[in-house]
Amino acid sequence: MSTHEPSADRDGCPAPTGADSPSRSAAVSAVVSGAVSSGVAPVAVAESGAGTGSGPGSGYGAGVASEVRSGAAVGPEAGLGDAPSEAAEAAEASEASAKADERPEDGAEEDVARDGEEDVEEPGRSRSRDLLLLVGICLLSLLLVNAFVARPFAVPSASMENTLRTGDRLVANKLAYSFGSRPQRGDVVVFDGTGTFRKGPTEPTGFWDGLRSFGQDLGLVPAGDSIYVKRVIGVGGDRVTSTGPGGRITVNGVPVDESSYLAPGDEPSNVAFDVVVPPGALWVMGDHRSASRDSRDHLGEPGGGFVPEDKVVGRAEWVVFPVGHWTSLDRPAAFAATGRTGGHGDQR
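Residues numbered from 1 in each chain as written. Predicted model: local features only at pLDDT ≥ 70, side-chain atom pairs only at ≥ 80, totals over all residues. Heavy atoms only, no water.

Chemist: In this structure, what is going on with the overall build of the protein? I would like to understand it.
Modeler: The secondary structure content of the protein amounts to 7 helices and 14 strands. Looking at the 348 residues of the protein, the share that counts as buried comes to 34%. Carbon together with sulfur atoms contributes 56% to the accessible area of the protein, which is approximately 20,600 Å² in total. (Helix = DSSP H or I, 4+ residues; strand = E, 2+ residues; numbered from the N terminus. Buried < 20%, exposed > 50% of the residue type's maximum accessible area, 1.4 Å probe, protein only. Areas by Shrake-Rupley, 256 points an atom, 1.4 Å probe, with all protein chains shown as cover.)

In structure tokens:
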């Protein structure tokens, strides 16, 4: 009785025998499949079994290599080349997942497109917005200029003819007496006559009065009947006198030649007076003396006809309307002779 043992396989395991033994091709398929799933090169596995047969029927190694190189499946159940390999399926699934992650969903693409459309403004709407912004900046600039720099006024009467005529529009420089400057003899000034030329409270008494005063400062509300425009004849510390018809006005004893700006046919004053201007106050008169109610007419009233300097809105600088009457309102040379005769103007 022979005690022959079955020959060992290439991996050292006994070769299977009997009817239940797996076929050689199935065994190799399992090995190749394991190698692919574990990251081992399948060609090397196939080549390791290439020396077991020599014919087309028994040379399964060449078949395995051919199937692996062509990308065919190698599986232990379906036979060699019948289904995709697990590695190929995993690679395809991984690639598909990566592409899905990179591509936004349809809803997201629509949202992005919609957002892009909203960001693009119509040219007409953009121009309208720019125009409104420009108008707003202009209005704000105008309000700031009226409140702090210069303000237009309309001349309501003939009291300053021929220098200013009824209906003229002048511009008052509100910065003229800022930074230490004060009104000078000969200046044409715009001032609030409340409490001096016009009876009434000197300060707003209620909310609406304060709001109206604020609107007047901004130029949004008409100045009203409390705003006057006159020429400064004397400043704080000056002695201003007149002998009546036929005589000149004198300032600190110096006669003033006013012929350059008085209305034709007018006397310097039909009323005689002799006053000393209090510090911080002004003596003012109109250029059309026969038609002007000025400091002379308020001598017997509270304040004595003197205008406090802090009531001055600004110095009248230009006549801007009508076009044919454009002119600058310069200080006349007539008051040059009164220099260094007293008053605050001689202290600077």
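Chemist: How do you make sense of the confidence of the model for the protein when you look at a structure like this?
Modeler: Reading predicted coordinates in detail is not appropriate for stretches of low pLDDT. Looking at the protein, the pLDDT average stands at 73 and 59% of residues meet or exceed 70. Across residues 1-13 the pLDDT falls below 50, and counting only partners more than four positions away or on other chains, this stretch makes 10 contacts in the model. Contacts for the low-pLDDT stretch residues 18-84, under 50 throughout, to residues beyond four places or in other chains number 59 contacts. (pLDDT = per-residue confidence, 0-100. Contact = heavy atoms within 4.5 Å.)

Chemist: Teacher, can you tell me more about the sheet that holds strand β8 (residues 250-251) here?
Modeler: The strand order across the open sheet formed by 4 strands is β9-β8-β7-β10, and the pairing between neighbours is antiparallel. In this open sheet, the two edge strands, each paired with only one partner strand, are β9 (254-255) and β10 (273-276). In this structure, strand β7 (residues 239-242) lies alongside β10, joined through 4 bridges in antiparallel fashion. Pairing of V240 across the sheet is with V275, part of β10. (Pairing = 2+ DSSP bridges.)

Chemist: Please clarify how the environment of G244 should be interpreted in this entry.
Modeler: Residue placement: G244 occurs in the loop between β7 and β8. Given the relative accessible area of 0%, G244 is considered buried. C-alpha separation for the pair G244 and A272, spaced 28 residues apart in sequence, amounts to 4.3 Å.

Chemist: Is there a simple way to explain the nonpolar core in this structure?
Modeler: One broad trend across soluble globular proteins is that nonpolar side chains are buried collectively. Grouped together as the largest cluster of nonpolar side chains are 16 residues, with contacts concentrated most on I233, V240, F273 and W283. Those elements that provide at least two residues to this core are β10 and β11 (281-285). Looking at which element gives the most residues to this core, the answer is β11, with 3 residues. In this structure, F153, V188, V313 and L329 belong to the second largest nonpolar core, which totals 14 residues. (Core = buried A, V, L, I, M, F, W, Y, C linked by side-chain atoms within 4.5 Å.)

Chemist: Teacher, can you tell me more about the side chain of R296 here?
Modeler: In this structure, R296 sits in the loop between β11 and β12 (307-308). Here S269 takes part through its side chain, which lies 3.3 Å from a polar atom of the side chain of R296. Here D294 takes part through its side chain, which lies 2.9 Å from a polar atom of the side chain of R296. Once residues lying within four places of it in the same chain are set aside, the contact partners of R296 are P268, S269, N270, F273, W283, M285 and R289. (Polar contact = N/O pair within 3.5 Å; in protein donor to acceptor, adjacent residues only side chain to side chain.)

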